[in-house]
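Take a look at the letters that make up each chain.
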Amino acid sequence: MNILRRLIIEDMLGIIFILQFLIHLGAARQQFTTCGSVIKLMNTDYKVRLHSHDVKYGTGSGQQSVTATEVQEDVNSHWMIKAATGKVCLRGDPIACGTNIRLEHVETKKNLHSHLFSSPLSGNQEISAYGNDQGEGDSGDNWTVVCSGDSWRRDDSVMLKHVDTQMYLAVSGRTFGRPINGQMEVVGVRSSTGAVHWKSMEGVYLHAPDVKHQAHIHSEL
């Protein structure tokens, strides 16, 4: 009986160890920004969130405008993380530093975009939202996640570098008048020393263990 009792205790300790490991692993994965997550991005210099809406620029490309807002609760500040054009990423997988991604504006289904147009207020590079209602655009929608370490951690700031033009996503510090009064200009800049740091904030973060239990969700983006 003593041998049986010892075997049972050893088995229980083994199960407890495995459960603790799985809990630790799950908590570690939840520290990362992941493919398929819907998030808000805050510029850490100006404390404003990346934003868009169905308002077109009156100059430059005439495409859907992208701004930044101090309003934390605005639904027009939600962006979904997708793979770069022609690529695939698994829902719930952490975004590795150096990965090319797209950010789809959830409300209008257009992608964060840039190109060789001047921004309306500061004359930097214009940032717009572009594509059809299926979230498809072109290579100007691709951004490289510039961060330290292996993957994009939720508590760390990152830079987003435009693949086609090598410009960094930034806030100029200038504000618009009507019809987007008080919102700040979002631009592309060449230097990495400006207001180019962004942090993932409020949102719905997917993680691999969650996705495996949701068979109705497609696993690739």
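Not measured: the values here are computed from a predicted model. (Residues numbered from 1 in each chain as written. Predicted model: local features only at pLDDT ≥ 70, side-chain atom pairs only at ≥ 80, totals over all residues. Heavy atoms only, no water.)

Quick word on the overall build of the protein chain
What counts is decided by this rule: Where helices and strands are cited, they refer to DSSP runs of H or I of at least four residues and of E of at least two residues respectively, numbered from the N terminus. Only protein chains enter the accessibility calculation, which uses a 1.4 Å probe; a residue is then buried when its area is under 20% of its type maximum, exposed when over 50%, and partly exposed in between. Contact criterion: two residues are considered in contact whenever any of their non-hydrogen atoms come within 4.5 Å of each other. Shrake-Rupley sampling with a 1.4 Å probe provides the accessible areas, and residues are treated as covered by the protein chains on show and by no other component.
From N to C terminus, the protein chain includes two helices and twelve strands. Going from N to C terminus, the protein chain has its helices and strands arranged as α-β-β-β-β-β-β-β-β-β-β-β-β-α. Residues classed as buried in the protein chain amount to 42% of the 221 residues present. Within the protein chain, residue pairs in contact and separated by at least 24 positions form 67% of the contacts whose partners lie at least 6 positions apart. Summed over all atoms, the accessible surface of the protein chain reaches about 11,500 Å², with 54% contributed by carbon and sulfur.

Notes on the nonpolar core
The nonpolar side chains of a soluble globular protein tend to be buried, and buried together. As a reminder, the rule being used: Think of a nonpolar core as a cluster: buried Ala, Val, Leu, Ile, Met, Phe, Trp, Tyr and Cys residues, connected wherever their side-chain atoms sit within 4.5 Å.
Within the largest apolar cluster, 31 residues are counted, with the highest numbers of intra-cluster contacts made by Leu50, Val66, Leu112, Trp152 and Leu169. In contact with Val66, other than residues within four places in its own chain, are Leu50, His51, Ser52, Tyr57, Trp79, Leu112, Ile127, Ser128, Ala129 and Val186. Membership of the second largest hydrophobic core comes to six residues, among which are Tyr168, Ala170, Val187 and Val196.

A look at the packing of aromatic side chains
Operational definition: Pairs were defined over the aromatic rings of Phe, Tyr and Trp, the Trp ring being its six-membered one, requiring ring centres within 6.5 Å. Orientation was assigned from the angle between planes: stacked under 30 degrees, edge-to-face over 60, tilted for the rest. Two thresholds decide whether a charge sits over a ring: the Lys NZ or Arg CZ must be within 6 Å of the ring centre and within 35 degrees of the ring normal.
Following the criterion strictly, the structure yields zero aromatic pairs and no others. If you follow Arg154 out to its NZ or CZ, it ends over the ring of Tyr205, 3.6 Å from the centre.

Here's the deal with the pattern of salt bridges
Opposite charge on two side chains lets them pair, provided their charged atoms get close. What counts here: Just to be clear on terms, a salt bridge is a Lys or Arg side-chain nitrogen sitting within 4 Å of an Asp or Glu carboxyl oxygen.
Scanning the entire structure with this criterion turns up five salt bridges. Residue Glu202 is joined to Arg49 by a salt bridge in which the shortest nitrogen-to-oxygen separation is 2.8 Å. On the criterion of sequence distance, the pair formed by Glu202 in strand E12 (residues 198-204) and Arg49 in strand E2 (residues 48-56) is long-range, its members being 153 residues apart. With relative accessibility at 6%, the residue Arg49 sits in the buried group. A salt bridge links Arg102 to Glu136; the shortest N-O distance between them is 3.6 Å. Highlighted residues: Arg102 in strand E5 (residues 100-105) and Glu136 in the loop between strand E7 (125-130) and strand E8 (143-146), separated in sequence by 34 residues.

Examining the side chain of Glu104
Relative to the helices and strands, Glu104 resides in strand E5. Leave out the neighbours within four places in its chain, and Glu104 touches His78, Trp79, Met80, Lys82, Lys109, Lys110, Asn111 and Gly135.

Re the state of the cysteines
The condition is simple: Our working definition of a disulfide is a cysteine sulfur pair at a distance within 2.5 Å.
Across all of its chains, the model carries two disulfides by this definition. Two residues, Cys35 and Cys89, share a disulfide whose sulfurs are 1.9 Å apart. Residues Cys35 and Cys89 are joined by a disulfide whose S-S torsion is about 60°; by sign, that bridge is right-handed. A residue pair is termed long-range when its members are at least 10 positions apart, and Cys35 in the loop between helix H1 (2-29) and strand E1 (38-43) and Cys89 in the loop between strand E4 (79-83) and E5 qualify at 54 residues. Each member of the pair, Cys35 together with Cys89, is buried. Put simply, Cys97 and Cys147 are joined by a disulfide, and their sulfur atoms are 2.0 Å apart. The S-S bond linking Cys97 to Cys147 shows a torsion near -115°; that makes this disulfide left-handed. Within this pair, whereas Cys97 is found in the loop between E4 and E5, its partner Cys147 is found in the loop between E8 and strand E9 (159-162), the two being separated by 50 residues in sequence.

Some remarks on the confidence of the model for the protein chain
Operational definition: The predictor reports its confidence for every residue as pLDDT, a score running from 0 up to 100.
Per-residue confidence for the protein chain gives a mean pLDDT of 86; residues scoring 70 or more make up 81%. Across residues 16-29, confidence stays below pLDDT 50; counting only partners more than four residues off in sequence or on other chains, it has six contacts. The low-confidence segment residues 211-220, where pLDDT is below 50, has twelve contacts with residues more than four positions distant or belonging to other chains.

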